[in-house]
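# Chains, contacts and geometry: an overview
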Amino acid sequence: MRIENTSKFGRMFWIGTYTTLLSIVTLTIFRFWGRTNFRRQLWSDTTIGGEPLEYTGTGKELFIGFFIAIFTLMVPFIGLLVAAQALLADVGLALAVIAIYLVFFWLIGVAVYLARRYHLSRTRFRGIRFAQTGSAVSYGFQYFGWLFATLLTLGWLAPLMRIDLSKKLWEAAYFGSEKFQFLKTPEAKSEQVYTSFALSYLGMIAIYAGWFIFLQVTMGLDQLAEETLFLDPMNVVLFYGSLFAFGFIGAFFYSWHEAVMVRRIVKSIHLQGTPLSSRISMMDILVLTLTNGLIVVFTLGLGIMVAQMRVWKKIANTNSVAGPIDLAAIAQTTEEGPSQGEGLADGLDLVSNF
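Anyway, here's the lowdown on the structure attached to this text. Since the structure is predicted, the reported quantities are computational estimates derived from the model, not experimental observations.

### Remarks on the packing of helix α3 (residues 59-87) against helix α4 (residues 90-121)
- In the contact formed by α3 and α4, the axes pass within 9 Å of each other and the chain directions differ by 170°. With respect to their mutual orientation, α3 and α4 come out roughly antiparallel. Contacts from Glu61, Leu62, Phe77, Leu80, Leu81, Ala84 and Gln85 of α3 reach α4 at Leu93, Ala96, Val97, Ile100, Tyr101, Phe104 and Tyr118.
- Class assignment of the residues belonging to the contact of α3 with α4 gives a composition of 12 nonpolar, 1 polar and 1 charged.

### Thoughts on the sheet that holds strand β8 (residues 269-271)
- Ordered in space as β1-β2-β3-β4-β5-β6-β7-β8-β9-β10, the 10 strands form an open sheet in which the pairing is antiparallel. Each edge of the open sheet is held by one strand with a lone partner, namely β1 (3-5) and β10 (319-321). For this sheet, the mean angle separating the axes of adjacent strands, direction not counted, is 30°.
- In this sheet, strand β5 (residues 128-132) lies alongside strand β4 (residues 123-125) in antiparallel orientation, the contact comprising 2 bridges.

### Observations concerning unusual backbone geometry
- Phi at Asp90 takes a positive value of approximately 55°, unusual for a residue other than glycine.
- Take Asp90: it is sitting in helix α4.
- Residue classification places Asp90 among the exposed positions, given a relative accessible area of 68%.

What counts, and where the lines are drawn
- Residues numbered from 1 in each chain as written.
- Predicted model: local features only at pLDDT ≥ 70, side-chain atom pairs only at ≥ 80, totals over all residues.
- Heavy atoms only, no water.
- Axes fitted to C-alpha atoms, helices over the stretch in contact; angles between N-to-C directions.
- Helix = DSSP H or I, 4+ residues; strand = E, 2+ residues; numbered from the N terminus.
- Parallel < 35°, antiparallel > 145°, perpendicular 65-115°, else oblique.
- Contact = heavy atoms within 4.5 Å.
- Nonpolar A, V, L, I, M, F, W, Y, C, P; charged D, E, K, R; others polar.
- Pairing = 2+ DSSP bridges.
- Buried < 20%, exposed > 50% of the residue type's maximum accessible area, 1.4 Å probe, protein only.

Take a look at the structure:
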C-alpha cells in the first residue's frame, strides 16, 4: 500500500504564521491550539492506500498536560536544584546536583515515551486507533542506560542505542488489536548502519581538523590575539565562509548515515508479518536539511511548521507497506490512552509540532 502526503507550503505557512503571532499575544498559550491545527492538517493530508489518517487530539489536552507536568515535575525539580545550591556546599552540593541531573536525563526518556503514547492514542486510520502500551518508567531507565554507555564510548554506541530504543517503542505499539513487530530481517540488516556511522564519525573529525588547519594557515590563529581576531573584515569572511563550506561537506556524511538509519528502522517495522519499506536517500536528506534551514532563516522562524511538514512529507512519500494487510481482521483497541497531552516532553522542550 502506498503512503502519500499532499500537504502544501502555503497552507502550512499560514498555520505557522498565525500560530506564532497569536502565541506572542497570548504569552505562548495559543501554541497548543496551533500545534493541534497543524497536526490535524498534516494527518488528514497523509493517506495509506488512499485512506487518510485522522488526528483527534485537542489544544485543551495539550494545555492541561503542560501545566500538570510543570507543577508536578518541573517546579519540584527546579526547587530541589535551588535548595541544593542554597543549603549545601562543596562535595555535598556537587553530589546533589549530579543526582538531580541524573534524574533529569531519566525523565527525558520517560517524557519521550509518554509523548509517543499520546500521539498514537490520538491517531486513527479507518476509524481504528493506534496505541502505545508498556512502561514509561522502564523506557526511561533504558534510555538513561544507553545514553550513559554511549557517552562512555564517545558516541560509538549511538547507532545501537537508536535501533534498540526504536525496537522498545515499536514492540509496545498497536494498530487496533494488532501488535507491531520490530524484526531483524535480512532486508533490514542489509543497511550498512555501522559502516556509514564509522565513516561519518571519522569524516566529521577530519573535516573539523581540516577547517582548523585552514584557519591557522589563512588567518594565523596562532599569532592573532583573541580580542583582535575579527577586527579585520577579511577574517570574518574567511571564518564564516570556510565554516559554511566545511559544514556543507560534513552534511554529506550526516545525510548518508541518517538515510541508512531511517531505512534500517523502517524496514524492521512489521504489521501482520508485513514489513514497511523505505527508499529515502542521502540526497533526499541533504536537500531537505539545506532547504529547510534556508526556509526557517528567510522567514524569520515563521516557516518552522513548513520545515517540519517537509520532513514528514519526505518520509511519508518514500515509505510504503511492502505487502498485503488484512485490515478487516483488525478490531478496535481497548487501550484508551492518556487523558492529557505530552506535557512533560513539552516542558522539557522535546516536542516538535508533530
